[in-house]
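Spelled out, the chains give:
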Amino acid sequence: MRGLIRSLGPAVARADPREAVRAGLGAVIGLGLAGLFVLSPAVDLQLGLYLVAPFGATSVLLFAVPNSPLAQPWSAVIGNTVAALVGVAVCLTVPDPALRIALAVGLAIMATMLCRAVHPPAGAVAMTAAMNPEAIDQLGFRFALAPVALGTVLLVIIAILYARGTGRHYPFRQFDEANRHGTADPDPVERLGLSETDLEEILERYRQSFNLGVEDLARLIGAAEIRAAAHRSGPLVAADIMSRDLVTIDAETPISEVADLFRRHRFTSLPVTGAGERFLGLIFQIHLITRAREDALRLDRGFVAAMKRLLDHDRARPVRAGDIMGVAGPRATAQTPVGALLPLMADGGVDAVPILERGRLVGIVTRTDLVHALARQSLR
């Protein structure tokens with residue numbers, strides 16, 4: 001009985017409220033723009049430019065679950081259009097309402113699956129056509145072009161722009177797409193030794209092709225391997241591997257001095273502290289390069305000239321460490337398990353994690369520290 005009750009509860013993980021707002025706002029913008037500028041909220045049987053109810057379901061997929069294979073442009077546009085064609089054909093040939101609706105939806109499912117364009121709202125598109133014989137008599141197969149195809153294309157374009165504007169990736173990445181560095185190597189978390197064909201066979205074997213893309217499967221397997229490696233790291237905690245004798249700077253340290261410290265010690269990061277070793281932020285080498293590039297663009301200077309200006313001691317108010325340090329990165333305590341630090345550094349997004357005790361900096365764990373620790377564990 002307990003198992004039955006649990007099976008009736010939510011089947012998905014708890015949603016981040018910010019993600020829920022992002023998805024809902026995307027649907028408001030998508031349908032709002034479509035209804036305001038192109039598709040009329042009222043039925044227009046002259047031009048066929050009007051909103052249909054299935055666009056609401058399409059918006060759920062495009063803005064709430066954009067990584068789903070069912071939400072990708074091919075599935076959305078082709079799926080809705082093919083379903084509309086099927087629905088119109090059935091509506092024009094089958095007089096009985098109940099049989100017409102059932103046939104339209106069933107045949108639409110078959111057609112979209114054969115076209116590799118399964119899109120759940122497509123069933124509603126076919127049903128909409130079958131339930132409105134008067135409108136179909138006037139529009140005919142134009143219904144598939146406008147409003148269905150045109151409206152779906154418009155929603156997809158808005159979803160692409162909205163995803164980019166909110167830091168999401170839609171359409172989803174392909175397996176052989178360049179990584180974040182623009183090179184052909186997969187991201188570290190996706191270097192599995194499995195080919196795209198291998199991953200496709202896994203999805204087909206477990207009948208998950210419609211629920212998960214090859215790229216997402218690669219990321220999940222990679223994340224699982226990292227988590228398993230973290231479990232094998234044993235009882236190690238940050239205090240066991242962190243660097244303790246730190247070179248620190250304060251927020252007023254000139255950038256020229258920061259650059260000298262990077263050159264002298266060959267660090268990849270420098271912690272910024274205040275009174276009593278209170279942690280303020282981290283400076284990475286990329287911060288120097290980014291600031292110089294911004295100066296070069298703003299002042300229309302060459303990059304080298306901008307870097308020299310950035311490091312110039314003679315400026316009236318030279319740039320200080322506090323001006324460019326990062327303050328939003330991950331942090332840990334001395335008792336944080338090494339396994340919890342591993343996923344943070346596996347994808348290249350984090351080079352060092354400060355170790356704090358009541359706001360005071362007591363150490364730092366770099367990617368080098370982590371590699372050495374894992375190497376020692378593997379030799380035991």
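So, here's what we can say about the structure. Small disclaimer: the values here were computed from a predicted structure and weren't measured.

## Here's the deal with the overall build of the protein chain
In step 1: For the protein chain, the count of helices and strands is 17 helices and four strands.
In step 2: The buried share of the protein chain, reckoned over its 380 residues, is 41%.
In step 3: Here the contacts in the protein chain between residues at least 6 apart in sequence split such that 63% fall between residues at least 24 apart.
In step 4: Carbon and sulfur atoms make up 60% of the accessible area of the protein chain, which amounts to about 21400 Å² in all.

## Side note on a negative patch on the surface
In step 1: Together, Glu196, Glu200, Glu201 and Glu204 line one region of the surface with negative charge.
In step 2: Relative to the helices and strands, glutamate 204 is located in helix H9 (residues 196–205).
In step 3: Residue glutamate 204 is classed as exposed on the basis of its relative accessible area, which comes to 53%.

## Details of the environment of serine 243
In step 1: With respect to the secondary-structure elements, serine 243 resides in the loop between helix H11 (238–241) and helix H12 (255–265).
In step 2: The class for serine 243 is partly exposed, based on a relative accessible area of 26%.
In step 3: Linking serine 243 and glycine 363, residues 120 residues apart in sequence, is a C-alpha distance of 5.4 Å.
In step 4: Residues within four places of serine 243 in sequence aside, it is in contact with Val362, Gly363, Ile364 and Asp369.

## Remarks on unusual backbone geometry
In step 1: Cis geometry marks the peptide bond from alanine 146 to proline 147; its omega dihedral reads 20 degrees.
In step 2: Tracing the chain through its elements places proline 147 in helix H8 (residues 142–165).
In step 3: Of note, the bond from tyrosine 170 into proline 171 is cis; its omega dihedral lies within 30 degrees of zero at 0 degrees.
In step 4: Structurally, proline 171 can be placed in the loop between H8 and H9.
In step 5: Even without being glycine, arginine 116 reaches a positive phi, approximately 55 degrees.
In step 6: The class for arginine 116 is exposed, based on a relative accessible area of 71%.
In step 7: Backbone geometry at arginine 358 places phi at a positive 55 degrees, although glycine is not the residue there.

## Focus on the pattern of salt bridges
In step 1: Scanning the model with the defined rule gives six salt bridges in all.
In step 2: One salt bridge connects arginine 22 with glutamate 19, and the closest N-O pair in it is separated by 3.1 Å. Linking arginine 22 with glutamate 19, this pair stays in helix H2 (residues 17–38), spanning three residues, or about one helical turn.
In step 3: Among the salt bridges present, the one from arginine 168 reaches glutamate 19, with a minimum N-O distance of 2.5 Å. Residue arginine 168 is located in the loop between H8 and H9, and its partner glutamate 19 is located in helix H2; the two are separated by 149 residues in the primary sequence.
In step 4: Take arginine 168: its relative accessible area is 36%, and that puts it in the partly exposed class.
In step 5: A single network of salt bridges, built from pairs that share partners, joins Glu19, Arg22 and Arg168.

## Focus: the environment of valine 88
In step 1: Residue position: valine 88 is located in helix H4 (residues 73–93).
In step 2: Expressed as a C-alpha distance, the spacing of valine 88 and arginine 142, which sit 54 residues apart in the sequence, is 9.2 Å.

## With respect to the packing of H4 against helix H6 (residues 121–131)
In step 1: At a minimum axis separation of 8 Å, H4 and H6 run at an interaxial angle of 25 degrees. Between H4 and H6, the interaxial angle falls into the category roughly parallel. Once H4 is placed against H6, the crossing between them reads as right-handed. Residues Gly79, Asn80, Ala83, Ala84, Gly87, Val88 and Cys91 of H4 form the contact with H6, whose own contacting residues are Pro121, Ala122, Val125, Ala126, Ala129 and Ala130.
In step 2: Its residues assigned to classes, the contact of H4 with H6 comprises ten nonpolar, three polar and no charged.

## Considerations on a nonpolar patch on the surface
In step 1: A contiguous nonpolar surface patch, about 730 Å² in accessible area, is contributed by Leu25, Val28, Ile29, Leu33, Leu36, Phe37, Val38 and Leu150.
In step 2: For the nonpolar patch, the leading source of residues is H2, giving seven residues.
In step 3: You can see phenylalanine 37 is positioned in helix H2.

## Here's the deal with helix H5 (residues 97–114)
In an α-helix, one turn spans 3.6 residues, which is why side chains three or four residues apart end up on the same side.
In step 1: Over its 18 residues, H5 extends 26 Å from the first C-alpha to the last, a length consistent with the 26 Å expected when each residue adds 1.5 Å.
In step 2: What H5 keeps buried is the set Arg100, Ala104, Ala108, Ala111 and Thr112. In an axial view of H5, the angular spread of the buried residues amounts to 90 degrees, which keeps them on one side of the axis. Turned more than 90 degrees from where H5 packs its buried face, Ala98, Met110 and Leu114 sit exposed.
In step 3: For H5, the elements touching its buried residues are H4, H6 and helix H7 (133–139).
In step 4: Near the N-terminus of H5, the side chain that reaches the backbone nitrogen of alanine 98, with its oxygen 3.4 Å away, is that of aspartate 96.
In step 5: Of the residues trailing H5, arginine 116 is marked for its positive phi of about 55 degrees.

So, how was this worked out
Residues numbered from 1 in each chain as written. Predicted model: local features only at pLDDT ≥ 70, side-chain atom pairs only at ≥ 80, totals over all residues. Heavy atoms only, no water. Helix = DSSP H or I, 4+ residues; strand = E, 2+ residues; numbered from the N terminus. Buried < 20%, exposed > 50% of the residue type's maximum accessible area, 1.4 Å probe, protein only. Contact = heavy atoms within 4.5 Å. Areas by Shrake-Rupley, 256 points an atom, 1.4 Å probe, with all protein chains shown as cover. Patch = residues over 30% accessible without salt bridge, like charges linked within 9 Å, V, L, I, M, F, W, Y side chains within 5 Å. Salt bridge = Lys/Arg side-chain N within 4 Å of Asp/Glu carboxyl O. Lys, Arg positive; Asp, Glu negative; His and termini not counted. Charge placed at Lys NZ, Arg CZ, Asp CG, Glu CD. Axes fitted to C-alpha atoms, helices over the stretch in contact; angles between N-to-C directions. Parallel < 35°, antiparallel > 145°, perpendicular 65-115°, else oblique. Left-handed = near helix turned anticlockwise from the far one by under 90°. Nonpolar A, V, L, I, M, F, W, Y, C, P; charged D, E, K, R; others polar. Expected span 1.5 Å × (residues − 1). Arc of directions from axis to C-beta. Polar contact = N/O pair within 3.5 Å; in protein donor to acceptor, adjacent residues only side chain to side chain.

In short, the description is geometric, and any link to function would need to be established separately.
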